[in-house]
Structure formats: structure tokens, C-alpha cells
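# Coordinates in review
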Amino acid sequence: EESARESYWLATIVTDAPLDFHPEENLCRKPGPDAYPLFLKLEFTKLIEKFGLSPAEQPAAERADFTMTVEQVTEPAQTERLLALWRAADHVSVLALPDLTGLSVVCRTGADTGVTAELFFDKYQGDWNALLNALFAADVRKVSHNVKDLTRTLLENGLRAEGFVFDTALAAYLLDATAGSYDLARLFVAYFNEELPKPVHLEPDAFSPLGDQAAAWAALHSYGAAIEALYGVLLPRLREQGMEKLYFDVELPLCRVLADMERSGFLVDGGALARFGRELSDTIDRLEQRIYAAAGQQFNINSPKQLGKVLFEDLGLPHGKKTKTGWSTNADVLEKLKDYPLVADVLTYRQYAKLKSTYADGLLKVIDPDGRIRTSFQMTVTATGRLSSTEPNLQNIPTRTELGSKMREMFVAAPGHVLVDADYSQIELRLLAHISGDTAMQQAFLSGEDFHTVTAARVFHVPQDQVTHQMRSRAKAVNFGIVYGISAFSLSQDIGVTVQEAKEYMDRYFATYTGVKQYMTDVVDKAREQGYVETLWHRRRALPELKSSNFNMRSFGERVALNMPIQGTAADIIKLAMVRVHSRLAREGLAAQLIMQVHDELIVECPEEEAPRVEALLQQEMQGVAELSVPLLAEAHTGRNWLAAKG
């Protein structure tokens, strides 16, 4: 009875709770001016327009902490006077339109004074290229936004691209690697909670058409001043967080390296690629007919709805899983059914179809007239600091299949040249040994023996000469899985054992490498306490997920806390290696060019006679990037195509 009465009370709405409530205070009314900064921060663009809200004051870019004189430059005489001013300054902040037809150069002339020079190609009476060469020479120290893209544009136009001392986009990325966008206007909102004037966006081609000339002058002025304002905020924050070395030794010099790599491109055998596409088409056609024959009907194999109906309704196969839109036919479901010939053919069909559309056909469309493919390297996309390749993505070509390997054969060296490919050996595991301080793991690497075999011998308690291929394979899966915070369930799926067996493997692993287990506990606890994790070079990633009330979010945060210091440090190391290799190739006067980076791998194209020097140079620079408690090892091989150069 007591329980029933308590349940009745809990289910009854209390109507006499003491509330200090005045209905008239809750009338709907138009937001006041104080709502503008909040709406702006929350990106309520439509509400700002609906209520006609605007900032109470002029944007900070307009009311910077010094008096600014604006000079519209049309005469060469003005340029000479300004160049002398720019060369003598600590720095100038430069905004250049994507096609280099407009410039804003902000320069401080005193503690509280400055001058902004605004220049347009169609209004300038002198030699525009000579002006650009003078501005982008090494003797003018420049702050800008998206320096890598600006550098590439300058170089493609045969102009100088030197003297960059700061990139506001890169700095903002280091300070908040998960922000998602580092557009100048968005950054200005984030740091000053104010909007820059329309119609300017710093995306390529967005300045065409600019509209009236007055609007163009005003846009340049505001955005150039915004770069100067952001520089004043971002540099001190980098220093506070200990990221100066990472920024000035790695990220900023990498802009020139990547610009050169993007310009060089990677030569592709277009004829072989086209033949490969035709071969894939023939195989896809044969697979289609086999699938139709096995199913007893024709249907759209690419339609999950139709495929699900055929497999689980018409043929009655097991493991069917219904969703809101129909039967699931994702890879996990089909993998359980791959012993059925029809399903095995569907899986193969998908593999071939993706290769054909994404690579065989896709790459043919982006080959430049000189036969080379030029990817774009994105510096501000990943939260770990890794570079990403887009338009097209050359870092994602399959590696573990015979067909993927065949794709690499089609990336070739120019006549009389070869490719030298070097990659780090087990860099993430070596970093785990160093960062965790696990002496047993460090000793395994210092011994020079195969690390996976050593691990298997210790985990399975057998001599190394009795380690079977299966033992080594499972030890390898545990080794790499631990770096990514793998669960016993996921490990069991990867190596085809029960969850209990997978758990036993992990328990033995942690009993062998006790320092790793302690590190995994400590790094998560520290991340929860300070709110972030960092690499050896102090690259940070914030982890608010660790304090989430949602279990899945917390678990995600814990996995990131385990992995980011390892993967992020590996990213820092390969980037620093790129800077050093690029510098040394130029310093030694070699014709060799760094043309590609894929995570832990660098590719250099060079004349055949330079190959031995380049192999040695790559290994020396990659291995000498950092002094760890275990050796960094890099292996280099030479070949006439990418596959052969992989060794």
C-alpha cells in the first residue's frame, strides 16, 4: 500500500508549487541589440535578418587599437614610398584576392598609428607583377590567411612567394583543431563576436563579380584589417599553449613544401588507366549476369532496397536485419553471408564498381594536359594534425587488395626519372613505447627483432622460433588495436575469435606490457582533468566528450585520448620530415622533388642518377627528426612506378 500511494503521488502533477511568475514578463517581443552577439555566435543568420539586428558598434577590424589611414594606390610613386615603409616594418598584414587582382596591405607605423594600402590591378598605372614580386619578396615580413594557397597561386604565376611569418588560418587551427572551418569571416566572429561586411568570402572565385568599386575597396580594407586584428590575438595564445615550435618549425614552413608538391603533381599512365577501366567494366558485366542468374531475376544491384528484397524475401537468406527503409545490405551484413556465391559476387561487384567510378574513371577526368594529377593537401581538416588529400584524394587508394596495388602501377616517374618511396616502420607502436615509458616494449624495439614476433612469443609464452603465422598475426592485431583503444568485441571481430578469447589476448598483452596499461589509464585521467590531450610537440585536441553524460560520447572521448597523442605525434614527425627533406633537396642542388605524402610515407621523383643519394637522404632526414627512447626507422626503395617503389 505504501509503495502504491508513493507511486500515485509521484504521478500526480503538483499545481500549487510556489513560483515567482508574472505573465506580462513573458510576452513575446523583438530581441534587443544585446541579442546580436549571441545570435551571431550561434550562427542564427536568418533570425538576425528577420529581426533586423546589427552590431552596436563598428566591427573591431574597423576600430582597431590604432588610428589607420587608408590609401588607395594607383601610381608607382606611391608604391616605392610604401615598399620602403613595408620593408622597415616588423610585419605587414596582407589580403590578396584569389586571382591576385586586388590587395590590402595593413602596416603599423607607430604604437597607435597605421596605414592600409589598397590596390587593384585594373586601377594600377604601373607594372603589377613587379609590384607583386616586391611585396612577396623575403625582405617584407608578411602575415596572411591561408598562406599555402596564396603561395601556390604566386608560384603558378611565376612570382616570388617568400617572407611569410604568420598564417592566421593555421594558427586558429592549432588553437582549436575541431572547429571545422577557418574561414576568415568565421574566425572574426569566433574571436571578436562581430561580422565582417558583405559581400566578401575568401573562397576561390567568390570575388567574381565584386560589384561596385566602392564595395570592393571597403571589403579589402575590412578583411585586411581583420587579419591584423586576428594576428594580435592568435600569436600570444600560441605562446601561452607552448605551440610556438610546432607552429614556426613545422606548420608554417610546410606551406611552401605543400605548394611545391601541389604544383609538381604525380605523373599517371593515362593509357594504362583507361585499359584498366575497360577491364573492370568487363568484369562488372560478367558479375552482373552471374548475380542475375543466381537470383533468377534482374534487379538494380546498387539499390539496397531491391537487393535486400532479393536476398531476404525472395531467396530467404539468414542474418536479415530490417531498418526503417528496408533490409540492411551493408558490408557487415553481407560479410556474414559471403559463403553464398551470389553474395560473394555482390561483394566483388561493389569492390570493382567503386574502383571503376572513383579511381579508373574519376582519375582520368582530372589528369592535366601534361599527364600529371595534382591533388590539394588540406592542412586544417583533421583533428590529429594529419594532412588530407582532396580533388582527387590520392591518400585513399586501396593498398590491401591486388586491384588496389594495380592502381599504384599506373602512377609513374617521368622518362629518365624514378620514384623513391620511403616510409616509417611501425612508427605509432614505436611512439607508444616511447610515450608510455614501457621498458619491455622499448627493449623489444631496441633488440632489432621483429616486434610482432616478440610480442606473440611473450603473449603466448612460447620461444620466438615457435611463433606461428597465426600467433604473429593475432599479436599484430592486438599491437595496432591497442593504439586505437580497441575493445575485446572489436578485436574478436577483426581476428575471428570469441570475445572471451580476445579479452584473454588483451589481458596477456597488458600483463606483458604493464607500462602501456598504466599509460592508458593515466592519459585518460589527465585528459579528463585538463580537458585536452597533446602530442610531444604540444599539438592539442580538446576533449569535452570526456565529461558528457552520454556513455557513447564518453567512450569516444576515451578512445581519442588514447590515440591522439600517438597519431598526432606521428603526424608532427612526418610533417617535420617533409620540411627537412624539401630543404635539403634544395640545399644540395638536386633536381629531385618531393611529390607525395601518404600518412607515414614520402615519395620523391628524381633523375635516375640521383636515386642512391635521394634514398640515403630520405632515410637520414626521416630518422633524424626526433630522438626517442627507441629508434625511428625509415625504409626507402626505388622503382619506375609507385608499386615498384614500395619495395
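To start, this report covers the structure provided alongside it. Quick caveat, the model's predicted, so the values are computed rather than measured.

In this section: the sheet that holds strand 4 (residues 113-120). Overall, mixed pairing links the six strands, which are arranged 1-4-3-2-5-6 in an open sheet. Looking at strand neighbours, the two that pair on one side only are strand 1 (67-73) and strand 6 (164-167), the edges of this open sheet. The average undirected angle you get between the axes of adjacent strands in this sheet is 25°. In this structure, strand 3 (residues 102-108) lies alongside strand 4, joined through seven bridges in antiparallel fashion. Directly across from valine 105, in strand 4, lies its bridge partner alanine 117.

Below, the discussion takes up the side chain of glutamate 610. The topology assignment puts glutamate 610 in the loop between strand 17 (601-607) and helix 24 (611-623). Buried and without a salt bridge, glutamate 610 has arginine 613 as its closest oppositely charged side chain, separated by 6.3 Å. Looking at glutamate 610, its side chain comes within polar contact range of the main-chain nitrogen of alanine 592, at 3.1 Å. Discounting residues that sit within four places of it in the chain, glutamate 610 has contacts with Leu590, Ala591 and Ala592.

Compared with an ideal rise of 1.5 Å per residue, which puts 13 residues at 18 Å, helix 24 spans 18 Å between its outermost C-alpha atoms and is within 8% of the ideal. Here helix 24 has its buried residues at Ala611, Val614, Leu617, Leu618, Glu621 and Met622. Seen along its axis, helix 24 keeps its buried residues to an arc of 120°; they face one direction. Buried residues along helix 24 sit against strand 13 (417-424), helix 23 (551-587), strand 17 and strand 18 (634-639).

On to the sheet that holds strand 13. Working definition: the strands of a sheet are paired by backbone hydrogen bonds and lie parallel or antiparallel to each other. With respect to topology, four strands assemble into an open sheet ordered 16-17-13-18, the strand pairing being antiparallel. Because the sheet does not close on itself, it has two edges, and the strands there are strand 16 (593-598) and strand 18. Averaged over all pairs of adjacent strands, the angle between their axes in this sheet comes to 20°, without regard to strand direction. Pairing of strand 13 with strand 17 involves seven bridges; the strand directions are antiparallel. Following the sheet pairing, valine 418 is matched in strand 17 by cysteine 606.

Here we take up a nonpolar patch on the surface. Residues Leu38, Leu42, Phe44 and Leu47 make up a contiguous nonpolar surface patch of about 330 Å² in total accessible area. By secondary structure assignment, the location of phenylalanine 44 is in the loop between helix 2 (35-41) and helix 3 (45-51).

With nine of its ten residues buried, helix 18 (residues 451-460) lies for the most part within the structure. Considered for burial, the residues of helix 18 that qualify are Phe451, His452, Thr453, Val454, Thr455, Ala456, Ala457, Val459 and Phe460. Where helix 18 is buried, its residues meet helix 16 (427-436), helix 17 (439-446), helix 19 (469-483) and helix 21 (499-512). Where helix 18 terminates, the next one or two residues include histidine 461, which has phi positive at roughly 55°.

Okay, the packing of aromatic side chains next. Under the defined criterion, the tally for this structure stands at 20 aromatic pairs. Here the aromatic rings of tyrosine 173 and tyrosine 182 are separated by 5.7 Å at their centres, their planes lie at 85°, and the arrangement is edge-to-face. Aromatic pair phenylalanine 460 and tyrosine 505: ring centres 5.3 Å apart, planes at 75°, arrangement edge-to-face. Of the two residues, phenylalanine 460 is situated in helix 18 and tyrosine 505 in helix 21; the sequence distance between them amounts to 45 residues. Assessed through its relative accessible area of 16%, phenylalanine 460 is described here as buried. Taking the relative accessible area as the measure of exposure, tyrosine 505 reaches 9% and is therefore buried. In this structure, arginine 408 packs its charged tip against the face of tryptophan 642, placed 4.4 Å from the ring centre. Residue placement shows arginine 540 over the ring face of tyrosine 532; its charged tip is 3.9 Å from the ring centre.

Cut-offs used in this document
Residues numbered from 1 in each chain as written. Predicted model: local features only at pLDDT ≥ 70, side-chain atom pairs only at ≥ 80, totals over all residues. Heavy atoms only, no water. Pairing = 2+ DSSP bridges. Helix = DSSP H or I, 4+ residues; strand = E, 2+ residues; numbered from the N terminus. Axes fitted to C-alpha atoms, helices over the stretch in contact; angles between N-to-C directions. Buried < 20%, exposed > 50% of the residue type's maximum accessible area, 1.4 Å probe, protein only. Lys, Arg positive; Asp, Glu negative; His and termini not counted. Salt bridge = Lys/Arg side-chain N within 4 Å of Asp/Glu carboxyl O. Polar contact = N/O pair within 3.5 Å; in protein donor to acceptor, adjacent residues only side chain to side chain. Contact = heavy atoms within 4.5 Å. Expected span 1.5 Å × (residues − 1). Arc of directions from axis to C-beta. Patch = residues over 30% accessible without salt bridge, like charges linked within 9 Å, V, L, I, M, F, W, Y side chains within 5 Å. Areas by Shrake-Rupley, 256 points an atom, 1.4 Å probe, with all protein chains shown as cover. Phe/Tyr/Trp six-rings, centres within 6.5 Å; stacked < 30°, edge-to-face > 60°. Lys NZ or Arg CZ within 6 Å of the ring centre and 35° of its normal.

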